[in-house]
Amino acid sequence: MAEMMKQQVMTAPATKTEPAKIIFREIEIPEPGEGEVLVKIKRIGICGSDIHVYYGEHSGTGYPVTQGHEVSGQVAKVGPGVTDLTVGQKVTIEPQVVCGKCYPCRHGKYNLCEELKVMGFQTTGTASEYFCVSRQKITPLPDEMSYNDGAMIEPLAVTVHAARHFDELEGAKVAILGCGPIGILLAQTCKALGAAQVMVTDVSEYRLELARRCGADFAVNTKENDFGEALVEHFGPDKADVIYDCAGNNITMGQAIRCARKGSKIILVAVFAGMATVDLFTLNDHELDLDTTMMYRHEDYVEAIRLVQEGKIHLAPLQSKHFAFEDYVKAYQYIEANRETTMKVLIDVDPED
C-alpha cells in the first residue's frame, strides 16, 4: 500500500468576513524519477506575496493552489542519476520553473524567463510533508545551518541579487526605503558586501529599532523627518551613492527621485501593487538611473549561504513566530493582527528539528 502525506491547498482567498479556505488533503508520497530528489519538508516561510495570494490580490495566481516557496528540508530519497546528494542532507529549493529556451534563459538570466512560473503561485508549491523536485532546483545547506535559517535563504537571495545591481557597493553610502524583512535583509547584505554606511527609513519605530539591532548605521522615521534632510545629515552634501526602494509605493519612490543626488542610481526592489505615479521629469532632469531587480539566480543562493555561514548576516532576529503545518490559517490571521511587528512567520511542517 502506498505511503500517504498531507498537502496544503488554498481553495479560495479570504473575504471581508471569512478567512481563506485552506484544506489538507492526503496524497501519495511521490517517487523520485530520473534526476529527481524527494525532500522531507521541514520549514516554510510566509512572505508578502503569499499574503497577496491569501487575500486574492495576486494577479498571477489562481485557486486552488498549494503554497510554499521559502523552504528548507532534508533529502529523503534520490532518483536514478542523482549521485551528488545523500539521504539526510540539508537542502533548500529554488522555486523558479523556467523554459530554458527563451532569450533571457539562453543568456543566463533565467530569473526573467518569458514563461516563468514560481512554485506556490503559478505551479505547485512545497507546502506538503514531502516534495519531489528536479536536482537542478536543489541547493545544499551547510550541516550546521538550522532549518529556520535555511527557509530564509530564498528572501536573502533576493537581497543579494538586488545589492549586486549596484556595481560600486564597496565603500558606498546606501539608503534603503522600507524596513520590512527584505529591507532589513538588504541593509545587512549591503554591509556584508562592503558598503561603508547604510541608512534605512520607515514609519514604524519598531521596525527601525530592529534594523538598528541588525546593523543599520542610521534609522530614520520619515513620518517625522524629511528624507532629503536626513540624507544630508547622515551622509553629507553628496548624499547617498545608491537608493533602494523596498517599500514600493508612490510616496517612497517619490522621495527617492526628489532627494537622490543628481546622476546617481535608484533601484526598485519592492513590487508595486498598482500603476505608479512618479515624477519622470525630475528623473530625467537629474539624469537618475532607475533600475529594477527581479528575484535571484543560483549564484545568489550560494552567496547568501556564504554570508550566513561567515556570520555576516543574522536571520534569527527576523523570525517572528512559528505555527504548526495544520495551522496555516492561524498563521495568516496572526500576521493580519500584528502587521507592524511581524517579520517572518515560519510554518513547522516537521517540528522535530
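Structure's up top.
Definitions and limits used
Residues numbered from 1 in each chain as written. Predicted model: local features only at pLDDT ≥ 70, side-chain atom pairs only at ≥ 80, totals over all residues. Heavy atoms only, no water. Axes fitted to C-alpha atoms, helices over the stretch in contact; angles between N-to-C directions. Helix = DSSP H or I, 4+ residues; strand = E, 2+ residues; numbered from the N terminus. Parallel < 35°, antiparallel > 145°, perpendicular 65-115°, else oblique. Contact = heavy atoms within 4.5 Å. Nonpolar A, V, L, I, M, F, W, Y, C, P; charged D, E, K, R; others polar. Buried < 20%, exposed > 50% of the residue type's maximum accessible area, 1.4 Å probe, protein only. Pairing = 2+ DSSP bridges. Phe/Tyr/Trp six-rings, centres within 6.5 Å; stacked < 30°, edge-to-face > 60°. Salt bridge = Lys/Arg side-chain N within 4 Å of Asp/Glu carboxyl O. Arc of directions from axis to C-beta.

J.: I tried to follow the packing of helix H4 (residues 153-163) against helix H10 (residues 298-309) on my own but got confused; where do I start?
T.: Two quantities define a packed helix pair, namely the angle between the helix axes and the distance between the axes. It is at 8 Å that the axes of H4 and H10 come closest, and there the two elements cross at 105°. The angle between H4 and H10 places the two elements in the roughly perpendicular class. Between H4 and H10, the contacting residues are Ile 153, Glu 154, Leu 156, Ala 157, Val 160 and His 161 on the first element and Asp 300, Tyr 301, Glu 303, Ala 304, Ile 305, Leu 307 and Val 308 on the second. Of the residues in the contact of H4 with H10, the class split is nine nonpolar, one polar and three charged.

J.: Looking at this structure, how should I read the environment of Tyr 301?
T.: Locating Tyr 301 in the fold gives a position in helix H10. Under the relative-accessibility criterion, Tyr 301 is labelled buried at 0%. Along the backbone, Tyr 301 and Glu 352 are 51 residues apart, and their C-alpha atoms lie at a distance of 25 Å. When neighbours within four sequence positions are excluded, Tyr 301 is seen to be in contact with Thr 92, Ile 93, Glu 94, Pro 95, Thr 139, Ile 153, Glu 154, Ala 157 and Tyr 296.

J.: Is there a simple way to think about the sheet that holds strand S12 (residues 218-221) in this case?
T.: Neighbouring strands of a sheet are bound in pairs by backbone hydrogen bonds; such pairs are parallel or else antiparallel. On the basis of which strands lie adjacent, the open sheet formed by six strands has the order S12-S11-S10-S13-S14-S15 and parallel pairing. What marks the edges here is a single partner per strand, and that holds for S12 and strand S15 (289-292). For this sheet, the mean angle separating the axes of adjacent strands, direction not counted, is 20°. Two elements, strand S11 (residues 197-202) and S12, share four bridges in a ladder whose sense is parallel. Each bridged residue has a counterpart across the sheet, and for Val 200 the counterpart in S12 is Ala 219.

J.: Please explain the packing of aromatic side chains as it appears in this structure.
T.: Between two aromatic rings, the relevant description is the distance of the centres plus the angle of the planes. Summed over all chains, the structure comprises eight aromatic pairs. Note on Tyr 54 and Tyr 55: the rings are 4.9 Å apart at their centroids and 85° apart in plane angle, and the pair reads as edge-to-face. Here Tyr 55 falls in the partly exposed class, since its relative accessible area comes to 25%. Consider the rings of Phe 218 and Phe 235, whose centres lie 6.0 Å apart with planes at 75°: the pair is edge-to-face. With a gap of 17 residues between them, Phe 218 in strand S12 and Phe 235 in helix H7 (residues 227-235) connect regions that are remote in the sequence. Each member of the pair, Phe 218 as well as Phe 235, carries the same accessibility label: buried. Each member of the aromatic cluster is reached from another via a ring pair, and the members are Phe 24, Tyr 54, Tyr 55, Phe 325, Tyr 328 and Tyr 332.

J.: Explanation requested: the pattern of salt bridges in the structure shown.
T.: Pairing is possible between side chains of opposite charge, provided their charged atoms come close. Counted by the stated rule, this structure contains 20 salt bridges. Glu 209 is the partner of Arg 212 in a salt bridge, and the nearest nitrogen-oxygen pair spans 3.1 Å. Here Arg 212 pairs with Glu 209, and both are found in helix H6 (residues 205-213), just three residues apart, close to one helical turn. What makes Glu 209 partly exposed here is its relative accessible area of 36%. Note that Asp 241 is salt-bridged to Arg 261, the shortest N-O span being 3.0 Å. Of this pair, Asp 241 sits in the loop between H7 and strand S13 (242-245) while Arg 261 is found in the loop between helix H8 (250-259) and strand S14 (265-268), placing the two residues 20 residues apart along the sequence. Overall, the relative accessible area of 23% leaves Asp 241 in the partly exposed class.

J.: Any chance you could explain helix H11 (residues 328-337) here in plain terms?
T.: Of all the positions in H11, only Tyr 328, Val 329, Ala 331, Tyr 332 and Ile 335 are classed as buried. On an axial view of H11, the arc spanned by its buried residues comes to 160°, and they lie on one face. Turning to H11, the residues buried within the fold contact strand S1 (4-12), strand S2 (21-28), strand S3 (36-46), helix H1 (48-54), strand S16 (319-324) and strand S17 (344-348).

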